[in-house]
Amino acid sequence: MTQKFRLENGGLINRDKKLSFKFNGKTYYGYEGDTLASALIANGVHLVGRSFKYHRPRGFFGAGVDEPYAIVQLYRNNETEPNIKATEQELFEGLEAKSVNCWPSVNFDIGAINNFLKIFLPAGFYYKTFMWPKSFWYRVYEPFIRKAAGLGVASTKHDKERYEHKYEYCDLLIAGSGPSGLASAYAAAKNGARVILAEDKPRFGGSLLTSDVNIGNQSGEDWANGIISELKEMPNVVVKNRSQVFGYYDHNMLVMSEKVSDHLPKTKKHHPKQRLWYIRAKEVLISSGSIERPLVFGNNDTPGVMLSSAAKEYLKVYGVLVGKNPLVFTNNDSGYETAIEFKKNGINPIILDSRVNPQSEIIDEAINLGIKIKFSYVVVAAHGYKKVSSADIAKISNDKKQLGTIENIKCDCICVSGFWTPTIHLASQSGNKTKFKEEIDAFVPGTSKQNETTLGAANGIFTLEETLKSSFTAGQDLSKKITNKDNKISFPNVVEKISSQHDKFWCVPLPKGKNYKRFLDFQNDVAVSDIEIALKEGYRSIEHVKRYTTLGMATDQGKTSNLNGLQLVSDIENKVVPAVGHTTFRPPYTPISIGTIVGREVGKHSKPTRKSPMHSWHEKNNAVFVDAGVWLRPRYYKQGNENLFEASKREAKNVRTNVGVCDVTTLGKIDIKGPDAAELLNRVYTNAWLKLPVGKARYGVMLREDGIIMDDGTTTRISENHYHMTTTTAQAANVLSHLEYYLQLVWPELNVNVVSTTEQWAGAAIAGPKSRKLLEKLFPNNDVSNEGLPFMGYTESELFGVKARIFRISFSGELAYEVNVESDNGQFMWEKIIELGQEFQVQPYGTEALSTLRIEMGHVAGSELDGRTISYDTSLEGLISKKKDFIGKRSLNREAFTSSDRQKIVGVVPLDKKTSIPEGSHLVKDAQAPLPNKKLGHISASCWSVEHDNPFSLAILKDGKNMIGEKLFVMSPLKNKVIPVEIVSSHYVDPKGERVRS
Amino acid sequence: MLHIKCPYCGMRSQNEFSYGGDASVKRPELNKEISDEEWDNFVYNRKSLRGKHLELWQHLSGCRQWIKVERDTATHEIFNTYKADEEIS
Ligand SMILES: [Zn+2]
C-alpha cells in the first residue's frame, strides 16, 4: 500500500527505514521517525476514534501533547496500554494500535445514535440524566456508559516492564528545548552551571524545526542541532529528549517522566520502559512554548479540521500532507506560514482571514506566491461525516456579528489558527499568580513564586529575536548567581518575519436557522450551547462552569479549549477574561502511566521484607509465613496435609503439654543507657521502675498523653545504668521516636541514650512445662531452677561458647524463657534448641499458636491495644502507680475513662461450644432488635482453646466488669452469623497465673 | 516535596523527616497541679495557623534528631531551622 499523502522529499524522517504497522487490524507502512499520527495521515487515514459523549467521528487535531482526539489503544510486545496519543507515539516496526471509545467499530458506532439524541445530552447531562431512579445506575446506566464510552482498557496482566525512579539535583532545570530553552541552556552551561535540558518530543528544537527563520546565517533547525551537539559534549549538562517535566512542587522540586523505551518494539535488556525523575533545581526555566488556539465554527470537530501549526509540522517534520485541497482559516499571520508550506509543495490552499485588511511581510509573500486569500471571511460550518469534504464560508461584518451570503466550497482539510496560548502550566503549578495579557488575549505568568523564570512563547513573547535575547540573558544571569562565572556569549544575528496584529475573534456566529454544534472542548464534547445553558442555569464561577459542563476536564486538561471557553463566558457575561479568571492547573501536565509513578515499588518491592536470622530454617521446615508489618514470621509449620487450624492447634497443645520454641526476633528492642535511665522508664511506663534490681525484668505499659495505651512490653535491668526494653513488633519504630521526643525536647536534662537493637539480637521463646529441662541442657553451667532464675529473672550466659541473654518471661502463660543471642548466632541457637529439645518433644510454633496461647490466657496484644483502649479496659489498671506521675496520667481522670460502666476486656464462649466467632463481630443484647442494633462491644481476638477444646474469644465489652455470666449474642453481618454466647473471665486458662511461676 | 535544612545534616528532602506538630506547645511539668483546661490545651487544642509557624520535625531517616522548623503553612516557605535546644530570637 502506498503512502498517498507522503511528499516525495523532505521531512526529518528516515526514508531508508520503512516500518510496517497495524491500525484497527489493517497493515500500513511508515518511516522511522514518524509518529503513529503522521504515518496514518501519510496513508490517508483520518478517522481514528469516536468522541466521548456523542460518538462523533474523530480525526487528528494536533501534532503533539495537546492532541484531544487521537487517543488509541496500543499493543506492544504482547502487552497493551490505553490512553496513548497517536501524535506522541513514535512508530516502530510491528506497532499495533486500535481505536478506542467506539463500539462495535470505528466505522459503525452504536453510540453515534447519541449524536441524533443530542438534544437530550446538554450540559450537566450526567447530573441530570443518570441521577434517577437510583436503582438504574448499576443496572442500566453504568454498564451502558462503560461499554459505549471510555478511553481504552487497562491490561489485566502483570506488567513485566521495569520502571525506574531517579533523584537528581541541578543548578538549572530547563523545560522545553525550543529557542528559549536552547539559548538559556547554552548560556548557563557556558557559565559552568549544572544544567538539565528536557524535551518532551524525540527531536530537540521546538518551533525551530518548523519555522522559516535564520539564526547566525543558519536555518533554525541547523542552529538548534549545533547547540544540542555542543551541549551533549559538556560534562555539566544533561540533555534529555522524550522527557516531559509534568509537575512543579514545593521548594523547586520538579517531576519529569522520561519515555526510555516506548519508541522501541521491545524494551532492551536491563533498560526501564519509563523513568521518573525527581529533580531538585536551584533555578527553573520554563520554556514550554505555546499551543495554537482553535477557531470555533459549526461542526469544527469533523476529521480534517486541525490546527494550522499541526498541518505545518506534519509537512515539515514528517513530509506528510494533511490534505491536498486545504482551506486555511486564520485570525492571525500563523495560518499564512502553513499556507506557504503547502504552496511550496505544489498544493494550492485558500486562506480565509477574519481580519479586514491586515498587512505584513508574510501576507505579501503569500500574495506574491499566488495564494488565494479572502479577507473578512470565515468558515461557517464544515461538512463531511468521516472527513471534511466541503465548507460553508461567508463574509463577516466588521463587528463580527453578521454573516454574508453563504457559499459552499470543496476542501479536504481545514487548518485553523486562532492565535497562540502560552503554556503556563508549570509556572501556575509553582504558585505563580498568572496575569492576563491584553495584547495576546491570553494568560502569562506573573511574579515568580518559587525560583522559576518563564521564557519565550510561554511568557507571551512571540518574536524570535526577543525570545533569544531574553533567554540568553536569563541563562547567563541565573547561572552567574550560582557559579560566579561570567562567560559572555555573542548574540547571533536573527532574521525573521514580523507578524501583524491578530484579530480578537474566535467564535463564528451561527447562520440563521442552523443549529450546528460548535465545539470548544473536543475531547469531552463540550459545545458553545453547553456553556450557554450552564450560564442560563445560573452557574457563574468558571470553576463551576467547568465542572457542570466538563469543559477542560478530559485527559488533555483543556490545552486547546480553556481560553476559548473563557472567551465565550466573558462574551456572554460582558466581562473581560481576567475577571472571569482561569481554572487551576494541576499536575500532571499530561497523563503519566501508573507504572512510572509506582516505579520499582511493585510486588515484593512495594515494601522492604525483614527476615529473622532463623528464616532459612523456618523455610526448610515447611513454615507458612505471614506478614507482620514488614517482617515475615512463620504462621505455622505444616506437617503432612495439615491446614492452618490443625497445625496451630497441634503446636499450641505441644506448648501446653511439652515444650515449644517460637522465633520472637521481630519484637522491638531498645537499648537504654545512662544514669537517668530508671527515671526515664518511670516517666514512660505507668508502673514504678526506680527500685527494679539488676538482673530483673518487669512488664510495663506506656500511654500516650491522652491516656490511651501506646504499647506494652518487658524491660530488663542489665546492669546499674543499662536497660533492655522490648516493644511489640508493630510499635517498635513509634516507641523509639516517642522516647527520643521526650529525651530531646521535653526532658533534655535526663542523661540517657536510646538506640534500637532490634536487629542486633535474635530471640527464641522456649515455652511449656518442659522448658526448664530443655534450658538445663542448653545451659548446663547455669542454675536455671525456680530459685536460681525465678519468674521475671534475667541472667547472662554462654550457649556452647556463644554469648546469650536469658530472660524468664512468658507470653504464652506457661513456664517460659526467652533466649537472645547476637543475630549472627541466631541459626546456631535455634538448631541447638531443636536438637537438644528432641527428648522433650520440642516443636517450633508460629504466630497462630502464639495467638491461641495468649488469647486463652487473656494476655492482651495489638488487637486489644488498638489505640482506643486504656489500662482499665484491658485490665492493666493494677499497673498504674498512684505515687508518681507519668506520660498520660493526667488524662486518666477524664469522665469517660472513669465512668462506672466503662468497657472492659472479657472472655466469650459460644453456648454450643462449637461455633467459631469471627473477629470484629459485635456483641448485642437482642439479636432480633431492629436496626441499628445497639452494640455493646466487639470481639477483638478469637481462637480455638486447646486447653478447653472449644472456641474462645476476647472482647472489649461495655460494663464488662459486671457482665461475667451474662448471655449475649455475637452478630457478624459480614459473615451472616448470629451466635448465642456466654461472657466469662478473660483469663480462661490458669487464672491465678501459677504456671509461669512454677 | 519540602526541602528542609537539618541543623546537623544539611539540606534533605521531606521524605527523610516526620512531622511533629506545633513546637510552641510546652508539656506541663510532671507532678504539677494543673486545671483540666490547661491539660486539654496541651493534649488536644492546637491552632491551625495560616502563615508563619514554628513546628517540630524529626530527622527520622537521618540523624534522628528532633528539630524546630519555622515554616509558612500557606506557602510552605521555610525561613529557618533550629536545633531542639537552640534559642530562637
Ligand atoms: Zn539530621
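Predicted model, so just to flag it, every value in this text is computed and none were measured.

A. Layout of the packing of aromatic side chains. For the structure on display, the rule yields 23 aromatic pairs over all chains. Look at Phe472 of chain A and Phe491 of chain A: their rings are 5.9 Å apart centre to centre, the planes differ by 85°, and that puts the pair in the edge-to-face class. Taken as a pair, Phe472 of chain A in helix α11 (residues 464–483) and Phe491 of chain A in the loop between α11 and β29 (494–495) lie far apart in primary sequence, 19 residues in all. Between Phe952 of chain A and Tyr988 of chain A, the ring centres sit 4.2 Å apart and the planes meet at 5°, which makes this aromatic pair stacked. One end of the pair, Phe952 of chain A, is in strand β48 (residues 950–957); the other, Tyr988 of chain A, is in the segment after β50 (977–984), with 36 residues separating them in the sequence. In this structure Tyr988 of chain A comes out as buried when scored by relative accessible area, which is 15%. An aromatic cluster is present here, built from Tyr741, Tyr742 and Trp747 of chain A together with Trp66 of chain B joined pairwise through their rings.

B. Broad picture of the environment of Arg656 of chain A. Residues and elements named next belong to chain A. Relative to the assigned elements, Arg656 resides in helix α18 (residues 644–657). For the pair Arg656 and Val946, spaced 290 residues apart in sequence, the C-alpha to C-alpha distance is 8.3 Å. Ignoring sequence-local partners within four residues, the contact set of Arg656 consists of Pro769, Ser812, Glu814, Leu853, Glu856, Met857, Val946, Glu947, Val989 and Arg995.

C. Inspection of the sheet that holds strand β24 (residues 413–417) of chain A at higher detail. Residues and elements named next belong to chain A. Strand order in the open sheet formed by five strands is β17-β24-β18-β19-β20, with parallel pairing between adjacent strands. Two strands in the sheet have a free side with no partner beyond their single neighbour: β17 (305–307) and β20 (372–375). On average, each strand axis in the sheet is inclined to that of its neighbour by 20°, with strand direction left out of account. As paired strands, strand β18 (residues 326–330) and β24 are joined by five bridges and run parallel to one another. Each bridged residue has a counterpart across the sheet, and for Thr330 the counterpart in β24 is Ser417.

D. Structural view of the interface of chain A and chain B. Chain A puts 30 residues into the contact, and the matching count from chain B is 26 residues. When chain A packs against chain B, close to 2400 Å² is buried across both sides, 51% of that on carbon and sulfur atoms. Counting across the chain A and chain B interface gives three salt bridges. Measuring nitrogen to oxygen at the nearest pair gives 2.8 Å for the salt bridge that ties Asp36 of chain B to Arg890 of chain A. There are 17 residue pairs in polar contact (both at pLDDT 80 or more) connecting chain A and chain B.

E. Structural view of the nonpolar core. Residue and element names in this part refer to chain A. By size, the foremost hydrophobic cluster in this structure holds 83 residues, and its most contacted members are Tyr314, Leu327, Phe329 and Ile414. Once residues lying within four places of it in the same chain are set aside, the contact partners of Ile414 are Phe297, Gly304, Val305, Met306, Leu327, Phe329, Val379, Ala382, Val388 and Ala391. Counting residues in hydrophobic clusters, the runner-up holds 32 residues, among them Ile174, Ala189, Ala224 and Phe472.

F. Spotlight on the coordination of the zinc ion. Residues and elements named next belong to chain B. Those protein atoms acting as donors to the zinc ion are Cys6 (SG), Cys9 (SG), His59 (ND1) and Cys63 (SG), and they sit at 2.0 to 2.3 Å. Between the four donor atoms coordinating the zinc ion, the angles at the centre fall across 106 to 114°, so the site counts as tetrahedral. All donors of the zinc ion come from a single chain, and their spacing in sequence reads C-x2-C-x49-H-x3-C. Placement of the pair is Cys6 in strand β1 (residues 3–6) and His59 in the loop between β4 (52–58) and β5 (66–72), with a sequence separation of 53 residues. Under the relative-accessibility criterion, Cys6 is labelled buried at 1%.

Reading guide: rules and limits
- Starting afresh in each chain, residues are numbered from 1 along the sequence in its written order.
- As a convention, the first chain written is A and the first ligand written is 1, with the rest following in written order.
- Owing to the predicted nature of the model, reporting of local features is limited to residues with pLDDT of at least 70; listing and counting of side-chain atom pairs is limited to 80 or more, with chain, interface and lining totals taken over all residues.
- Side-chain metrics rest on all non-hydrogen atoms present in the structure, leaving aside hydrogens and water.
- In this analysis, rings of Phe, Tyr and Trp, with Trp reduced to its six-membered ring, are considered paired at centre separations within 6.5 Å, and the interplanar angle assigns stacked below 30 degrees, edge-to-face beyond 60, and tilted for intermediate values.
- Secondary structure counts use DSSP, requiring at least four H or I residues in a row for a helix and at least two E residues in a row for a strand, with both numbered from the N terminus.
- Only protein chains enter the calculation, and the probe is 1.4 Å; a residue is then buried if its accessible area is under 20% of its type maximum, exposed if over 50%, and partly exposed in between.
- Residue contacts are counted whenever heavy atoms from the two residues lie within 4.5 Å of one another.
- Here, a strand pair is defined by DSSP locating no fewer than two bridges between the strands.
- Where helices are involved, their axes are fitted lines through C-alpha atoms of the stretch in contact, as for all axes, and angles between N-to-C directions lie from 0 to 180°.
- Buried area: the accessible area, evaluated with a 1.4 Å probe, that two parts lose upon being put together, summed over both parts.
- What makes a salt bridge here is a side-chain nitrogen of Lys or Arg within 4 Å of a carboxyl oxygen of Asp or Glu, nothing more.
- Nitrogen and oxygen atoms within 3.5 Å of one another constitute a polar contact, given that in protein one can donate a hydrogen and the other can accept it, and given that sequence-neighbouring residues count only through two side-chain atoms.
- Remark: nonpolar core denotes a set of buried residues (Ala, Val, Leu, Ile, Met, Phe, Trp, Tyr, Cys) joined through side-chain atoms within 4.5 Å.
- Sodium, potassium and calcium take a 3.2 Å donor cutoff, other metals 2.8 Å, and in both cases only N, O and S atoms count; water is not among them, so sites may look incomplete.
- Here a site with four donors is tetrahedral if all angles are between 85 and 135 degrees, and a site with four or six donors is square planar or octahedral if opposite donors are over 155 degrees apart and the other angles are between 65 and 115; anything else gets the irregular label.

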